[in-house]
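# Working through the structure, step by step
What follows is each chain in one-letter form.
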Amino acid sequence: MASLQHPKPTDHLAADAPTAGLKPTGTPLYEARAVTKKYGSFVALDRMNFYIGHNEVVGLLGDNGAGKSTLVKMMSGINPPTSGEIFVNGKPAQFNSRADSEAAGIETIYQDIALVDSMSITRNIFMGREITKRFGFMDHKKMEDVAIEILGSAVQISGIDDPRKEVGFLSGGQKQAVAIARAVHFKRNILLLDEPTSALSVRETEHLLAYVRDLKKDGTSSVLVTHNLYHAFMVCDRFVVMSHGTKVFEANKKDTTIEEVTDHVIRT
Amino acid sequence: MSNVQSNHIRKAVEQRNRRPLPQKFLDWIRDNPEGGIFIMFIVAQTAAIVFGLLFPEQFRYLLPANFNVVLKSIAPLGIMALGVGILMIAGEFDLSVGALYSFTAIVCATLTNNLMGDINAENASALAPFIGMFVALGIGSLAGLVHAFVTLKFNIPSFITTLGAMLIWKGGTLLYHGARALRFKPTEPFATIFGGNVPLFNEYSIHASMIWFLIFCVVFYYLLHHHRLGNHFYAVGGNRNAAVAIGIDPARTKYIAFAIAGFMATLSGIVAATRVGSIQPGGGLGMELQSIAACVIGGLALNGGRGSILGILLGTALVFTIQDVLLLLQAPAFYFEMFVGTMIVIAVIMNTAIRRGKA
């Protein structure tokens, strides 16, 4: 493929590499090799190779229906692959449920937000991971304190001043901010952001992107799924462009330009 | 840990906590579906009490006989509504609870009678009714698990599963026992524990079944509002996909909720049978809709994820207050149904308005 970068000595392609792309340097945090996801006869992911290294932000790009969200859901465990191999820190791993990805330290901000409208902000943040005292009874005081803390940190959320407020009464941007605050609080190694800025204001978006950069310094890698190439170029170290369920382009930021990436998103 | 960016939230929370108590109470009434029902309940009670005082001869609301009977009759429906309500919050229905109520009560009574648990039996056994009850509660919970299995395994609406189950349990009752009434006069201490009276003052007393209802209200209050599992009920009922995405197993949660509904339907049947002293095989039919009605009046959402134990308690109590008032006024029975029907619609309109007003 002419579009590929010339391989560097450090990231040369293996002879049997099934699709386009770079070879990870060192042991990646997470690596998927030749993963395929089929829904009946429809192939949503086709022998896709994808990895997330240490201290990096990966931009996952591509047109609607390219398979980005399928890949994200696979990495978060709620959508197991039909075939293929997954490695966490170089060790083979099964990703059959959310518990598996949680064990790997992965948190996700979903495109469809994944909040329960009829529950309070605090209860949404701790849903499934309640802080409990003895016998599984919830420690409401502590959960509220932590909720206040994280609402102020990740994204400075406009206009939220009551952690007991029902999520159903928040605006789209506020909901997204709550989902981000939740994921940021629980993440350990990897943060997956699936279209995180679609409902955010300009100020909130800037804040989130700056935060993703800061996370990298603290040792948390991120995957940013977005349609906004300008945002992607602001924070990402490496770009992966998908089309029809497979990878069509991959390059490090220093080796490519916004024009080249745009070209691949549009053309493929 | 202290984050300066959170200070404005802390300040706002503190300000809300400093509101005077009446203000907090008014805000609670305004913001919660239970609030409207609470007001309606207070209004109905006040009106009944005022009229009871003004016309003690014509309107005998405050007489001990009436007070005792009302408290007795609330309990069976209330106990059933607790189970049905929790299942509704988890996003599913159980239409079979009324049929299960009769079936399991008959199982309990048959076992009790066969094991010499009848109070008039020779060598009457004190243990027999308890054995009968535990077996029946086991069957009830198991029935709930079966409803859950069919619903979740084949991914069909629980409305359909339990509609079928209702007919199956109803037929099963007739197959197992026939259509005649069955005597249930258990030995002590069972009779007192589930059918005794605790005197309050003068001739006013509170029936054991009401105490059991209140005990289960407290138990389920802690389960639903303060336990991790309760949070999962709300999450699964409110947005199943979000619950899955965050790592809650919706199947496990719903199995538990179905089992609770079956368990509570059984308990309700046994408590009612102990009070009456006999079981009519068709006695529970219609109760499934009444308990759903009580829950809806108490502010539970039909599509799940919303509601509270206080709402279920108030919904049940309001239904019975109105039934009692109509009985005392010697209104024909169909007035009651018309009234409950109207109230369901009004309750849902009110709850929808509250939600829209806040959004």
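Residues numbered from 1 in each chain as written. Chains lettered and ligands numbered in written order. Predicted model: local features only at pLDDT ≥ 70, side-chain atom pairs only at ≥ 80, totals over all residues.

## Observations regarding the overall build of chain A
When helices and strands are tallied, chain A shows eight helices and 10 strands. Taking 268 residues into account, the globule formula puts the C-alpha radius of gyration at 18 Å, and chain A, at 19 Å, falls close to it. Seen through its C-alpha atoms, chain A measures out along the principal axes to roughly 60 × 40 × 35 Å. Here chain A holds 268 residues, and the buried ones make up 47% of them. (Helix = DSSP H or I, 4+ residues; strand = E, 2+ residues; numbered from the N terminus. Rg over C-alpha atoms; globule rule 2.2 N^0.38 Å. Buried ≥ 20, exposed ≤ 12 C-beta atoms within 10 Å, placed from the backbone.)

## Quick look at the overall build of chain B
Each helix and strand in chain B was counted, giving 15 helices and four strands. Scaling as 2.2 N^0.38, a compact globule of 359 residues should have a C-alpha radius of gyration of about 21 Å, and chain B matches this with 22 Å. Overall, chain B is about 75 × 60 × 40 Å in size when its C-alpha atoms are taken along their principal axes. Within the span of chain B, comprising 359 residues, buried residues form 45% of the whole. Counted over contacts in chain B with a minimum sequence separation of 6, partners at least 24 positions apart contribute 75%. (Contact = placed C-beta atoms within 7 Å.)

## Let's talk about the nonpolar core
Grouped together as the largest cluster of nonpolar side chains are 167 residues, with contacts concentrated most on L224(A), I79(B), M80(B), I86(B), L87(B) and A261(B). With residues near it in sequence (within four places) discarded, L87(B) still touches E92(B), F93(B), D94(B), A257(B), F258(B), I260(B) and A261(B). (Core = buried A, V, L, I, M, F, W, Y, C linked by C-beta atoms within 7 Å.)

## Some thoughts on the interface of chain B and chain A
Tallying the contact residues gives 30 residues for chain B and 29 residues for chain A. Among the elements of the structure, α1 (7-17), α10 (228-238) and α11 (240-246) of chain B are those that each provide at least two residues to the side of chain B that touches chain A.

## A look at the environment of I125(A)
All names here are of chain A. Examined against the element boundaries, I125 turns out to sit in helix α3 (residues 121-125). In this structure I125 comes out as buried when scored by C-beta crowding, with 27 C-beta atoms within 10 Å. Aside from chain neighbours lying at most four places away, what touches I125 is A147, V178, A181, R182 and H185.

## Re the packing of helix α6 (residues 128-153) of chain B against helix α12 (residues 250-276) of chain B
All names here are of chain B. Where α6 meets α12, the axes come as close as 7 Å, and the angle between the chain directions of the two elements is 145°. In terms of crossing hand, the pair formed by α6 and α12 is right-handed. Across the interface between the two elements, M133, A136, L137, G140, S141, A143, G144, L145, H147, A148 and L152 from α6 touch A251, K254, Y255, F258, A259, A261, G262, F263, A265, T266, L267 and I270 from α12. Of the residues assigned to the contact of α6 with α12, the class counts are 16 nonpolar, six polar and one charged. (Axes fitted to C-alpha atoms, helices over the stretch in contact; angles between N-to-C directions. Left-handed = near helix turned anticlockwise from the far one by under 90°. Nonpolar A, V, L, I, M, F, W, Y, C, P; charged D, E, K, R; others polar.)

## Concerning the sheet that holds strand β1 (residues 30-39) of chain A
All names here are of chain A. One open sheet holds the four strands; their spatial order is β2-β1-β4-β5, and the pairing between them is antiparallel. Of all strands in the sheet, those bounded by a partner on one side alone are β2 (42-52) and β5 (91-92). In terms of strand pairing, strand β4 (residues 83-88) meets β5 through two bridges, oriented antiparallel. Residue pairing in the sheet places V88 in a bridge with K91 of β5. Contacting β1 and β2, helix α1 (residues 68-75) runs over the sheet at an angle of about 60° to β2. (Pairing = 2+ DSSP bridges.)

## Looking at the pairing of strand β2 (residues 197-201) of chain B
When a strand is regular, its side chains alternate between the sheet's two faces. Residue and element names in this part refer to chain B. With zero of five residues buried, β2 is to be regarded as a mostly surface element. Sheet topology note: the β2/strand β3 (residues 204-207) ladder contains four bridges and is antiparallel. Bridge pairing links F201 to Y204 in β3. As consecutive antiparallel partners, β2 and β3 are separated by two residues, and within that stretch N202 has a phi angle of approximately 45°, a positive value.

## Let's talk about helix α5 (residues 172-186) of chain A
Residues three or four positions apart in an α-helix share a direction because the helix packs 3.6 residues into each turn. Residues and elements named next belong to chain A. With 15 residues, α5 extends 22 Å from end C-alpha to end C-alpha; this agrees with the ideal 21 Å at 1.5 Å per step. Most of α5 sits inside the fold, with 11 of its 15 residues counted as buried. For α5, the full list of buried residues reads Q174, K175, Q176, A177, V178, A179, I180, A181, R182, A183 and V184. Among the structural elements, β6 (106-109), α3, α4 (140-153), β7 (190-194) and α6 (202-217) are those in contact with the buried residues of α5. (Expected span 1.5 Å × (residues − 1).)

## Brief notes about the sheet that holds strand β10 (residues 246-252) of chain A
Strand-to-strand pairing in sheets goes through backbone hydrogen bonds, with the strands running parallel or antiparallel. Residue and element names in this part refer to chain A. One open sheet accounts for six strands, arranged β6-β7-β8-β3-β9-β10; its pairing is mixed. Whereas interior strands pair on both sides, the edge strands pair on one side only; in this sheet they are β6 and β10. With strand direction ignored, the average angle separating the axes of adjacent strands in the sheet is 15°. By the bridge criterion, four bridges tie strand β3 (residues 57-62) to strand β8 (residues 221-225) in an arrangement that is parallel. Its bridge partner lying in β8, G59 is registered against L224. Packed on one face of the sheet, α1 meets β3, β6, β7, β8 and β9 (238-243) and runs near 150° to β7.

## Observations regarding the confidence of the model for chain B
Residues shown with low pLDDT carry predicted positions that ought not to be read at fine detail. The predicted model of chain B has a mean per-residue pLDDT of 88, with 97% of residues at 70 or higher. With a pTM of 0.86, the predicted complex shows an ipTM of 0.83. (pLDDT = per-residue confidence, 0-100.)

## Observations regarding the packing of helix α2 (residues 21-31) of chain B against helix α3 (residues 33-54) of chain B
Relative orientation and spacing of two packed helices are given, respectively, by the angle between their axes and the distance between those axes. Residue and element names in this part refer to chain B. Orientation of α2 relative to α3, taken along the N-to-C sense of each, is 105°, at an axis distance of 4 Å. Overall, the two elements α2 and α3 adopt an arrangement that is roughly perpendicular. Seen from α2, the contacting residues are W28, I29, R30 and D31; seen from α3, they are G35, F38 and I39. In terms of residue class, the contact of α2 with α3 is made up of four nonpolar, one polar and two charged. (Parallel < 35°, antiparallel > 145°, perpendicular 65-115°, else oblique.)

## Quick word on the environment of M116(B)
Residues and elements named next belong to chain B. Of note, M116 is situated in the loop between α5 (97-114) and α6. Classification of M116 as partly exposed rests on a count of 15 C-beta atoms within 10 Å. Spatially, the C-alpha atom of M116 lies 8.9 Å from that of T187, the residues being 71 residues apart in sequence.

## Brief notes about the pairing of β4(A)
All names here are of chain A. Here β1 runs beside β4; their pairing, made up of five bridges, is antiparallel. Looking at the pairing, T36 lines up with S83 of β4. Linking β4 back to β5 in an antiparallel pair, the connection comprises two residues, with N89 at a positive phi of about 55°.

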